[in-house]
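Breakdown of the fold
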Amino acid sequence: MRNSGSESMFEPREFIEQQIHELSGVEGKAVVGCSGGVDSTVAAVLVGKAMGPRLLAIYVDTGYMRKGESEQIENLLTEMGINHRMVDCGDEFYRAMEGIQEPEEKRKVIGNKFIEIFEREAEEFGADHLVQGTIAPDWIESGDGVRDTIKSHHNVGGLPDVMKLELIEPLRDLYKDEVRSVARELGLPTSERQPFPGPGLAIRVIGEASRERTEMVREACAIVEEEIDRAVDRGKMERPWQYFAVLLPVRTVGVQGDKRAYGYTVAVRAVGSLDAMSARFSEIPLDVLETISTRITNTMKNKVNRVVYDITDKPPGTIEWE
Ligand code: XMP
């Protein structure tokens, strides 16, 4: 383990060479769950370089992906020449999540479903290994004998007791900034992409992550991303480490036209961080927040009538709300 901010000690090229050398010794076939995020993509490319067509990248569309994400990922995998398969599983996930409210239970249900689908696909491919993009904060925060459980991260807490596949976790000892430097060294276009949690939008819908509520948060997240990207491009603010929307189950009274409304609340979250172990809320210009609020309430008239901004650091908060 290292202190945050020690990227200068880390040699990405050396790391890549060493990993490819070690991974070349792995026998048989492997599958990797590719979400398009930096971690899983870097893991897929490293293993792909070592194993070639003996690796299959599986993209599971859980129904909890961001707007336009599946198409972007399919293009990326094709461009990188990674052997891949896209699997549309939205209905299966929404059904599994019916009636589930508790954050840890949501994470575990999603993790288990992921593994179930991987195993199904892996069996068909004839794989005996599962590659995961687990990084150091994932297992440290999952109580792997170091600290108490804060949240069961998707890559760790969701694993069933009996795994049929042997795990390969090439990024297990790296922190986020180190993974980004490896991504840059590999020439991946994902190197500057903001992190996105394994369970996806499911943990940005507080309470039950139904299809309808997920569609609301998907729209809100897209608006937050677009408006903050626009403000960054215009030089109005620095790009935060992460910026997104959270749909709260709280309904409040508002006014729509001249009628009483009773709609949901969206919280906007934007933080600066180095390695996600700690974070500070970002100071977003008020006019940018105002545009975000107006766009969200206009796009989701009669559904969302209140937008709030989260000004909590980590600690005491975490970056995600669940
Ligand atoms: P928290 O919310 O714990 O998040 O402050 C720290 C960073 O991790 C991301 N995150 C996850 N990443 N699987 C992941 O791969 C997960 O289950 C998961 N949960 C949170 C979060 O978005 C932030 O960047």
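Attention here is on the structure that accompanies the text. (Residues numbered from 1 in each chain as written. Predicted model: local features only at pLDDT ≥ 70, side-chain atom pairs only at ≥ 80, totals over all residues. Heavy atoms only, no water.)

1. Notes on the sheet that holds strand E5 (residues 166-168)
Two orientations exist for strands paired in a sheet by backbone hydrogen bonds: parallel and antiparallel. For the record, the criterion: Between any two strands, pairing holds if DSSP finds at least two bridges. Helix and strand definitions follow DSSP, with helices as H or I runs of at least four residues and strands as E runs of at least two, each counted in order from the N terminus. For helices, the fitted axis covers only the stretch in contact; all axes are lines through C-alpha atoms, and the angles between them, taken along N-to-C directions, range from 0 to 180 degrees. Pairs of residues are marked as contacts when any of their non-hydrogen atoms sit within 4.5 Å.
Taken in spatial order, the five strands line up as E3-E2-E1-E4-E5 in an open sheet, and their pairing is parallel. With one partner strand each, in any of the chains shown, strand E3 (84-88) and E5 form the two edges of the open sheet. Averaged over all pairs of adjacent strands, the angle between their axes in this sheet comes to 30 degrees, without regard to strand direction. The pairing of strand E1 (residues 30-33) with strand E4 (residues 129-131) spans three bridges and is parallel. Residue pairing for E4: Ala30 is matched across the bridge by His129. Running at roughly 165 degrees to E3, helix H3 (residues 69-79) makes contact with strand E2 (55-61) and E3 of the sheet.

2. What to know about the nonpolar core
Stated formally: Side-chain atoms within 4.5 Å link the members of a nonpolar core, which is a set of buried Ala, Val, Leu, Ile, Met, Phe, Trp, Tyr and Cys residues. Partly exposed residues are those whose accessible area sits between 20% and 50% of the maximum for their type, while under 20% is buried and over 50% is exposed, using a 1.4 Å probe and protein chains only. Domain limits in this description derive from either an automatic procedure or a database domain assignment.
Counting 58 residues, the largest nonpolar core has Val31, Val60, Tyr64, Phe93, Val224, Ile228 and Ile296 as the members making the most contacts within it. Mapped onto this core, the elements with two or more residues apiece are E2, helix H4 (90-96), helix H5 (103-125), helix H9 (211-233), strand E6 (242-256), strand E7 (259-273) and helix H10 (286-299). For this core, the element with the most residues is H9, which contributes nine residues. Shared between two domains, this core takes at least three residues from each, and those domains are domain 1 (6-186) and domain 2 (204-309). Beyond its immediate stretch of four places on either side in the chain, Ile296 contacts Ala220, Ile223, Val224, Val266, Val304 and Val307. Within the second largest apolar cluster, 34 residues are counted, among which are Leu23, Val32, Ala43 and Leu55.

3. Observations concerning the pairing of E3
Quick note on the threshold: Viewed with both strands pointing away, a crossover whose connecting path from the first strand over the helix to the second turns clockwise is right-handed.
In terms of strand pairing, E2 meets E3 through five bridges, oriented parallel. Residue pairing for E3: Asp61 is matched across the bridge by Asp88. For the crossover that starts at E2, traverses H3 and ends in the parallel E3, the hand is right-handed.

4. Topic: the pattern of salt bridges
Close approach of charged atoms lets side chains of opposite charge pair. To keep it simple, the criterion reads: Put simply, a salt bridge is a Lys or Arg side-chain nitrogen that is within 4 Å of an Asp or Glu carboxyl oxygen.
In this structure the tally under the stated criterion is 22 salt bridges. A salt bridge links Glu185 to Arg13, with the nearest nitrogen and oxygen atoms 3.1 Å apart. Of the two residues, Glu185 is situated in helix H8 (residues 176-186) and Arg13 in helix H1 (residues 12-24); the sequence distance between them amounts to 172 residues. With its nearest N and O atoms 2.7 Å apart, the salt bridge here joins Asp229 to Arg239. Here Asp229 is found in helix H9, whereas its partner Arg239 is found in the loop between H9 and E6, with ten residues between them in sequence. Look at Arg239 and you get partly exposed, because its relative accessible area is 42%. Through salt bridges that share partners, Glu92, Lys113, Glu116 and Arg120 make up one connected network.

5. Section: the side chain of Thr252
Mapped onto the elements, Thr252 comes out in strand E6. Excluding residues within four positions of it along the chain, Thr252 makes contact with Ala261, Tyr262, Gly263, Thr265, Asn305 and Arg306.

6. Brief notes about the packing of helix H2 (residues 38-51) against H8
Each pair of packed helices can be described by the angle between their axes along with the distance between the axes. As a reminder of what qualifies: For classification purposes, an angle smaller than 35 degrees is called roughly parallel, one larger than 145 roughly antiparallel, one from 65 to 115 roughly perpendicular, and anything else oblique. In this scheme, a crossing is called left-handed if the near helix is turned counterclockwise away from the far one by less than a right angle; it is called right-handed if the turn is clockwise. Residue polarity follows a fixed list, in which Ala, Val, Leu, Ile, Met, Phe, Trp, Tyr, Cys and Pro are nonpolar, Asp, Glu, Lys and Arg are charged, and the others, Gly among them, are polar.
Two elements in contact, H2 and H8, have axes separated by 10 Å at closest approach and are oriented at 50 degrees. By the angle between their directions, the pair H2 and H8 is classed as oblique. Here the hand of the crossing between H2 and H8 comes out left-handed. Contact residues: Val38, Asp39, Val42, Val45 and Lys49 in H2; Lys176, Val179, Arg180, Val182, Ala183 and Leu186 in H8. Its residues assigned to classes, the contact of H2 with H8 comprises seven nonpolar, no polar and four charged.

7. Here we look at H3
How we decide: This arc is built from the directions going out from the helix axis to the C-beta atoms.
Along H3, the residues classified as buried are Glu69, Ser70, Ile73, Leu76 and Leu77. Along the axis of H3, the buried residues cluster in a sector spanning 125 degrees; they form a single face. Relative to its buried face, H3 has exposed residues pointing more than 90 degrees away, namely Glu71 and Glu79. At its buried positions, H3 is contacted by H2, E2 and E3. Where H3 terminates, the next one or two residues include Gly81, which has phi positive at roughly 70 degrees.

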